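# Per-entry structural report
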2 protein chains.
Amino acid sequence: MLHELICRNVAKHIDLTPAEEAHFSAMLIPHALRRKEFFLQEGEICKHSVFVVKGCLRGYTVDSNGFEHILQFAPPDWWIADMYSLLSGRPGNLNIDALEDSEVLLLAKKDQEQLYHDVPKFERFFRIITENALVTSRQRVLDNLSLSAQQRYEAFCQRYPTLINYLPQKQIASYIGVTPEFLSKMRSELLRRQ
Amino acid sequence: MLHELICRNVAKHIDLTPAEEAHFSAMLIPHALRRKEFFLQEGEICKHSVFVVKGCLRGYTVDSNGFEHILQFAPPDWWIADMYSLLSGRPGNLNIDALEDSEVLLLAKKDQEQLYHDVPKFERFFRIITENALVTSRQRVLDNLSLSAQQRYEAFCQRYPTLINYLPQKQIASYIGVTPEFLSKMRSELLRRQ
DNA sequence: CTCCGCCAATAATCTAGATTAAGAATTAAG
DNA sequence: CTTAATTCTTAATCTAGATTATTGGCGGAG
């Protein structure tokens, strides 16, 4: 069933009655995205939290020189959104698109707020996943400040072992903050050493 | 009164009855820190959320070459903790110390969980401040990936105008990820240009 | 089959920012 | 007031990683 993955995702942190689960499920809007299709573009207002069921999305910005900087990959079982825009209701600077044909479930901001009201346990759920995301994000800030490109690549390999063989190197390079050429150089050095 | 600042901080996001406020207040442990005194050191388990009433704390790591990398400053009205350690119950890699003589209020993890149980509105409060912290942290990741040192310094000046004249340049350099020498060079170039 | 767009690899050159060193300016302490 | 410690500045050299350019492989479209 379409909602099985997301319900298990929620059940990791809170217990729902069947009625609560049905109430939640009814709010979810299934949506399909083709490879390279945008879910959100810079300047738009983000009105949904997105849960990935199949495929892979990415959130990134484009700087003044046209270079992409990837903030987040979202493979199945992950949430993604332009949090700044979603929370503030103002235009964001994030682009979100699909790296391959994907299926997602959307939770509208208004429904999410309704859900907090109807089933307060969801305050807890989103508090916990936001806390985890914050820990990850802060670790990434520290990695960017304290590790070399080589070490950042190795850290990425350890943290996302499934993504490493799945994503084009170009995307990984953009996530860890190096050029594709330099990532290639690092990889060949790593291979030579082992 | 000692708890006035923190109660206004909470009131920004949730409304409490006098009884709830008293219940919350009773959990807070006042604590004083001298300049350079550690609240938490690398390898310890973080058991409290810290709210700064007076002075200024900082959270940072020390890399394998002995260089400090500042993750967060906490002036009055801010929360700070080693979130990874606090959430996981495992030893963290963060150091937290006072940049000057400071006064803080501690909320023990156990009390915080009790509070979620007794006054569920606090789930909401901490969800919201965690969301805001996540937006800030992700913006910082993007700044580190896409901006030059110069631009990162200007962004810091805009975002923390009060801190800029208050903190030693050495600390600011460590936050934006450059050497004190290079920060000094950038500042003199900025002055020359204006 | 071939033409074209995407991806990876390699190499030469270039630059932002680190490193090192040394002196000037502040601050704190006796 | 004197000394010691810390912080800030300036300048010379050095390096990790960027930039630019070239090549080859590979899969899809006509």
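Every value quoted in this text rests on a predicted model; they were computed, and no experiment measured them. (Residues numbered from 1 in each chain as written. Chains lettered and ligands numbered in written order. Predicted model: local features only at pLDDT ≥ 70, side-chain atom pairs only at ≥ 80, totals over all residues. Heavy atoms only, no water.)

### Structural notes on the protein's contact with DNA strand D
Around DNA strand D sit 14 residues, and of these Ala149(A), Glu181(A), Gln169(B), Lys170(B) and Ser184(B) come closest. Across the atoms of DNA strand D situated within 4 Å of the protein, the share located in sugar and phosphate is 74%. Taking Thr179(A), its main chain carries an N or O atom lying 3.4 Å from a phosphate oxygen of DNA strand D. Lys170(B) places a polar side-chain atom, nitrogen or oxygen, 3.2 Å from a phosphate oxygen of DNA strand D. (Near = heavy atom within 4 Å. Polar contact = N/O pair within 3.5 Å; in protein donor to acceptor, adjacent residues only side chain to side chain.)

### With respect to the side chain of Ser85(B)
With respect to the helices, strands and loops of the structure, Ser85(B) is situated in helix 3 (residues 83-88). Those residues in contact with Ser85(B) that sit more than four places away from it in its chain are Glu44(B), Ile45(B), Cys46(B), Arg90(B), Pro91(B) and Gly92(B). (Helix = DSSP H or I, 4+ residues; strand = E, 2+ residues; numbered from the N terminus. Contact = heavy atoms within 4.5 Å.)

### A closer look at the protein's contact with DNA strand C
Contacts to DNA strand C come from 13 residues, most closely from Gln169(A), Ala149(B), Val178(B), Glu181(B) and Phe182(B). Counted by atom, the contact set of DNA strand C within 4 Å of the protein is 70% sugar and phosphate. Ala149(B) places a polar main-chain atom, nitrogen or oxygen, 3.1 Å from a phosphate oxygen of DNA strand C. Taking Thr179(B), its main chain carries an N or O atom lying 3.4 Å from a phosphate oxygen of DNA strand C. Sorting the residues of the surface near DNA strand C by element identifies helix 8 (169-176) and helix 9 (180-193) of chain A together with helix 9 (180-193) of chain B as the ones contributing at least two each. Here the element with the most residues in the surface near DNA strand C is helix 9 of chain A; it accounts for 3 residues. Of the residues assigned to the surface near DNA strand C, the class counts are 4 nonpolar, 6 polar and 3 charged. (Nonpolar A, V, L, I, M, F, W, Y, C, P; charged D, E, K, R; others polar.)

### With respect to the interface of chain A and chain B
With 35 residues of chain A at the contact, the number on the chain B side is 35 residues. Roughly 3200 Å² is buried in total at the junction of chain A and chain B, and carbon and sulfur atoms are behind 67% of that figure. Residue Arg127(B) is joined to Glu123(A) by a salt bridge in which the shortest nitrogen-to-oxygen separation is 2.6 Å. For the pair chain A and chain B, the interface holds 7 residue pairs in polar contact (both at pLDDT 80 or more). Elements that contribute at least two residues to the side of chain A that touches chain B include exactly strand 5 (68-74), helix 3 (83-88), helix 5 (121-146) and helix 8 of chain A. (Buried area = accessible area lost by both parts, 1.4 Å probe. Salt bridge = Lys/Arg side-chain N within 4 Å of Asp/Glu carboxyl O.)

### Considering empty space enclosed by the protein
Residue and element names in this part refer to chain B. Summed over all chains, the structure comprises 1 cavity of 30 Å³ or more. A volume near 120 Å³ is recorded for the largest cavity. Breaking the lining of the largest cavity down by element, the ones donating at least two residues are helix 5 (121-146), helix 6 (149-159) and helix 8 (169-176). Of the residues assigned to the lining of the largest cavity, the class counts are 5 nonpolar, 2 polar and 4 charged. (1 Å grid on protein atoms, 1.4 Å probe; cavity = no way out; pocket = protein on both sides within 12 Å on 5 of 7 lines; lining within 4 Å. Points joined across faces, edges and corners; volume = space filled by probe spheres on them.)

### Quick look at the relation of the copies chain A and chain B
Overlaying chain A on chain B yields an RMSD of 0.0 Å, the required transformation being a rotation through 180° with an accompanying axial translation of 0.0 Å. Read as a symmetry element, the transformation amounts to a two-fold axis. Of every C-alpha in chain A, the one belonging to Arg127(A) sits nearest the axis of rotation, 2.1 Å from it. A share of 100% of interface residues in chain A that are also interface residues in chain B marks the association as one of identical surfaces. (Least-squares fit on C-alpha atoms with pLDDT ≥ 70 in both.)

Just distances and angles here, no functional claims.
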